[in-house]
Amino acid sequence: MICFRQPMATELNRSAAHTYCRSIAVLLLLWRNILIVRPEDIAVDDGVTSRKTPRDSSLRVAGDGEGSSFKVALFADLHFGENAWTDWGPQQDLNSVNVMSTVLDVERPDFVIYLGDVITANNLPIHNASFYWDQAISPTRARNIPWASLFGNHDDAPFEWPIDWFSSSGIPHILCPRVNSSGGDECSFKGTTRLELMRNEIMHSLLSYTGFGPRNLWPSVSNYVLTLVSPKRDPKSPLMFMYFLDSGGGSYPEVISSIQSEWFHNKSQEVNPDSSVPEIVFWHIPSKAYEKVAKKAVGKRTQCVGSMFQERVAAQEAEMGMMKLLKERPSVKAVFVGHNHGLDWCCPYEKMWLCYARHTGYGGYGNWARGARILEISDEPFSLKSWIRMENGTFHSEVVLAT
């Protein structure tokens, strides 16, 4: 492997050059040894992905006593793999693991949702970003807690070369490892697609409830619905439906498209035609409705809970019908997003709540304290409650979202 040529080496001190070369060597070895799941390795039929062990889309509340509940932890904006070639980057990933471990050990959730930007794919000099995706999921997997994930705007993007990787000729000095006796090819690091990331998770994680969306929605991939079932209820009368949507970014615009909205409409009519079962919805980038709610909060015209004014709402590029559908469904109780690292509020909107998660990862921008949003879904009587659990173990911003 060629790490530096002389022009570049003279620009850095020996310590920095040594750290750089060591980091690149490790990354290239990882690239050589990571298993890449190819499209032909996994069967996809009408949006349903075959696992080694078949599983339906139902989650079950444990126990059958009074006051049984189902607890969910939301991990948002972890940004694993960021600046992986430096000492800083890997340390941030370790810090993020510690945050998740604290939350999981204190809250002991029944389920975990990875709410997008699990990795920083545009910052990953490695062909198979699933390596870092697996690292992000590792605290949950190690505790045998099931989970589901969806995509954010940083999970899928081409690699961006750091400026200091370029020599005076303008060419970064790095080669792929040898793949055969004739030698290796120059790396271009075009990134790992959403389909590849999801195939890897589903095929190698029996605890994952993540699902492929229908083919006609691709490249928008993480569009699916899970059903929460209580043992005290008739199986035909679920406790709650949880919808997951891919809000774009990376390889395509930051929107929930019209065809995704149509999918949601058709799916919700199929599984919950009379809106008798409560529903909650998850995606990564906030909709335009979040901007409207934040403006009302400035004028103290709405009752919000949590951090409101650390930064402005960074919304999707356009509204293409999704919020209109949600407003028309009385069964929709709340929407949960990430993306804005400095916000963790919940605000009432129409007949539902719009909520942020809490920035969980040490990757990404901002120095706000890390934590996670927790949801508690109770049965008989039904209620949906939420709060923020911080990395130091404290909690705040408890709110009842539905009864």
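Calculation rules
- Residues numbered from 1 in each chain as written.
- Predicted model: local features only at pLDDT ≥ 70, side-chain atom pairs only at ≥ 80, totals over all residues.
- Heavy atoms only, no water.
- Pairing = 2+ DSSP bridges.
- Helix = DSSP H or I, 4+ residues; strand = E, 2+ residues; numbered from the N terminus.
- Axes fitted to C-alpha atoms, helices over the stretch in contact; angles between N-to-C directions.
- Contact = heavy atoms within 4.5 Å.
- Parallel < 35°, antiparallel > 145°, perpendicular 65-115°, else oblique.
- Left-handed = near helix turned anticlockwise from the far one by under 90°.
- Buried < 20%, exposed > 50% of the residue type's maximum accessible area, 1.4 Å probe, protein only.
- Salt bridge = Lys/Arg side-chain N within 4 Å of Asp/Glu carboxyl O.
- Phe/Tyr/Trp six-rings, centres within 6.5 Å; stacked < 30°, edge-to-face > 60°.
- Lys NZ or Arg CZ within 6 Å of the ring centre and 35° of its normal.

Visitor: Is there a simple way to explain the sheet that holds strand β12 (residues 352–356) in this structure?
Guide: Whenever strands of a sheet pair, they do so through backbone hydrogen bonds, lying parallel or antiparallel. Within the open sheet, the seven strands sit side by side as β3-β7-β8-β9-β10-β12-β11. Their pairing is mixed. Single-partner strands in this sheet number two, and they are β3 (58–60) and β11 (346–349). Recorded for the sheet is a direction-independent mean angle of 20° between the axes of neighbouring strands. Where strand β10 (residues 332–337) and β12 come together, four bridges link them in parallel fashion. Residue Val335 lies in a different strand from β12, and its bridge partner there is Leu354. Packing against the sheet, helix α7 (residues 288–298) makes contact with β10, β11 and β12, and its axis sits at approximately 95° to β12.

Visitor: What am I meant to see in the sheet that holds strand β14 (residues 383–390) here?
Guide: With mixed pairing, the six strands of this open sheet are ordered in space as β6-β5-β4-β13-β14-β15. Both outer strands of the open sheet, β6 (147–150) and β15 (395–402), are each paired with one neighbouring strand and no more. Sheet twist, expressed as the mean angle between neighbouring strand axes with direction ignored, is 20°. As paired strands, strand β5 (residues 111–115) and β6 are joined by four bridges and run parallel to one another. By the bridge assignment, Val112 is partnered in β6 with Trp147.

Visitor: I tried to follow the packing of helix α3 (residues 88–107) against helix α4 (residues 130–142) on my own but got confused; where do I start?
Guide: For any two helices packed against each other, the geometry comes down to the angle between their axes and how far apart the axes lie. Between α3 and α4, the least distance of the axes is 8 Å, while the angle of their chain directions is 30°. With respect to α4, the axis of α3 lies roughly parallel. For the pair α3 and α4, the crossing hand works out as right-handed. Together, Asp93, Val97, Met100, Ser101 and Leu104 of α3 and Tyr132, Gln135, Ala136, Pro139 and Thr140 of α4 make up the contact between the two elements.

Visitor: Honestly, unusual backbone geometry in this entry has me stumped. Any pointers?
Guide: Only a minority of non-glycine residues have a phi that is not negative, and only a minority of peptide bonds are not trans. Across the junction of Trp218 and Pro219, the peptide omega takes the value 15°, indicating a cis bond. Going from Glu380 to Pro381, the amide bond is cis rather than trans, its omega being 0°. Turning to its location among the elements, Pro381 is positioned in the loop between β13 (371–378) and β14. One non-glycine residue, Glu380, lies in the positive phi region at around 50°. Positionally, Glu380 belongs in the loop between β13 and β14. For Glu380, a relative accessible area of 47% gives the class partly exposed.

Visitor: Would you mind showing me how to read the pattern of salt bridges here?
Guide: For the structure shown, the criterion picks out eleven salt bridges. Measuring nitrogen to oxygen at the nearest pair gives 2.9 Å for the salt bridge that ties Lys71 to Glu107. In this pair, Lys71 is assigned in strand β4 (residues 69–75) and Glu107 in helix α3, connecting sequence segments 36 residues apart. As far as burial versus exposure is concerned, Lys71 and Glu107 are alike and both buried. Between Arg389 and Glu107 there is a salt bridge whose closest N-O contact spans 2.7 Å. Within this pair, whereas Arg389 is found in strand β14, its partner Glu107 is found in helix α3, the two being separated by 282 residues in sequence. For Arg389, a relative accessible area of 13% translates into the label buried.

Visitor: Explain the packing of aromatic side chains here, please?
Guide: The description of an aromatic ring pair uses the distance of the two centres, along with the angle that the planes make with each other. Taken as a whole, this structure holds 15 aromatic pairs when the rule is applied. Between Phe131 and Tyr132, the aromatic rings sit 5.0 Å apart at their centres with planes inclined by 80°, giving edge-to-face as the arrangement. Here Phe131 falls in the partly exposed class, since its relative accessible area comes to 22%. Ring pairs connect the aromatic residues Tyr224, Phe244, Phe282 and Phe336, which therefore count as one cluster. Sitting above the plane of the Tyr362 ring, Arg370 keeps its charged end 4.1 Å from the centroid.

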